[in-house]
Amino acid sequence: MIDCKDKDGTDIRDERIGDTFVVTAKGRLDGGASAAFAEKIGTLITNENPKLLIDFAGVDFVTSAGLRAVLVLVKKVKAAGGSFALCSVQEQVREVLDITGFTDMLRIHAARAEALSAMRG
Amino acid sequence: MLDAIRFEASTLPTPEAIAALIDRVIAFLDQHGVDARAAHHTALVLSEVLTNLATHGDCCDRPANIAIAAEPDKVTGEVIDSGPPFDPRLAPEPSFDVGIAERPIGGLGLFLVRKLCSSLEYARRNGENCMIFAISREGNRGDKKSH
């Protein structure tokens, strides 16, 4: 169970819903917080075929360092044969994901329930 | 920028100092009625440029001077640093033509800067880098597309 608040204000909580790890992140994902973000969430990826959903509803700022953290997690999940998705991405953050091609690369769902339903299937 | 409402600061490009600056810039832009998108993008451009100074410009111990102005149709910004000459407009483009497993981790910061700004200028003056950028405010955006 991860339940922590980084010094730069990124709050990370996780829970298991069915066979999916759901991480709720809150705050900024910037140069001061991204490495810890990837490291802490990365500890969840220990089994084969992991399912990881990160709820971005509370994330209002993602820098390139934050994108790198997301990419590290995606690669780790893919290497373990699992699936990765984001949900509830704020408009400004979504634009950043669009510009950098992450939207084409990731599964991004409008809401948590939709994401969980898709990941179950 | 002379007649606009102006914010000025000097900051070291450390993660903690950048985060504190971003708080102040967003508060300033919000206080002066700048829309959330323009405020976010201004903050993100500053964060990326300052982070790049620390990681590639060898400037961790030298403060950069920041100026932000809220104009009616845009937010303009200026970043002046004393690092080695560096034109952010000339940084290499990241590759988007590879799969997720092959995609390099990095190279996105200055790409984001170029994409988020409606204009981006650079000059080397008196031994300093001077970057001037603009972010369009809501209602003044063109059809700027992603990659």
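Residues numbered from 1 in each chain as written. Chains lettered and ligands numbered in written order. Predicted model: local features only at pLDDT ≥ 70, side-chain atom pairs only at ≥ 80, totals over all residues.

## Observations regarding the confidence of the model for chain B
Residues and elements named next belong to chain B.
Stage number 1. Averaged over every residue, the pLDDT of chain B is 88; the share at 70 or more is 88%.
Stage number 2. Across residues 143-147, where pLDDT falls below 50, the model places six contacts with residues more than four positions away in sequence or in other chains.
Stage number 3. ipTM for the predicted complex: 0.88, alongside a pTM of 0.90. (pLDDT = per-residue confidence, 0-100. Contact = placed C-beta atoms within 7 Å.)

## Considering helix 3 (residues 109-116) of chain B
Stage number 1. Among the eight residues of helix 3 of chain B, seven are classified as buried, and the element is accordingly described as predominantly covered.
Stage number 2. The elements touched by buried residues of helix 3 of chain B are helix 2 (64-79) and helix 3 (91-99) of chain A together with helix 2 (36-56) and strand 5 (128-136) of chain B. (Buried ≥ 20, exposed ≤ 12 C-beta atoms within 10 Å, placed from the backbone. Helix = DSSP H or I, 4+ residues; strand = E, 2+ residues; numbered from the N terminus.)

## Focus: the environment of arginine 13 of chain A
Stage number 1. Considering the arrangement of structural elements, one finds arginine 13 of chain A in strand 2 (residues 11-17).
Stage number 2. Spatially, the C-alpha atom of arginine 13 of chain A lies 22 Å from that of serine 64 of chain A, the residues being 51 residues apart in sequence.

## As for the nonpolar core
Side chains that are nonpolar tend, in soluble globular proteins, to be buried together.
Stage number 1. The biggest cluster of nonpolar side chains holds 70 residues, and the ones touching the most others in it are Val45 and Leu46 of chain B.
Stage number 2. Top element by residues in this core is helix 2 of chain B. It accounts for ten residues. (Core = buried A, V, L, I, M, F, W, Y, C linked by C-beta atoms within 7 Å.)

## A look at the pairing of strand 5 of chain B
Residues and elements named next belong to chain B.
Stage number 1. Judged from the eight bridges that link them, strand 3 (residues 74-81) and strand 5 form a sheet pairing that is antiparallel. Across the sheet, the residue bridging to valine 75 is isoleucine 135, located in strand 5.
Stage number 2. Taken together, the seven bridges between strand 4 (residues 119-125) and strand 5 define a ladder with antiparallel strand orientation. Within strand 5, the residue paired with arginine 124 across the bridge is asparagine 129.
Stage number 3. Linking two consecutive strands that pair antiparallel, namely strand 4 and strand 5, is a turn of two residues; a positive phi of about 50° is found at asparagine 126 within it. (Pairing = 2+ DSSP bridges.)

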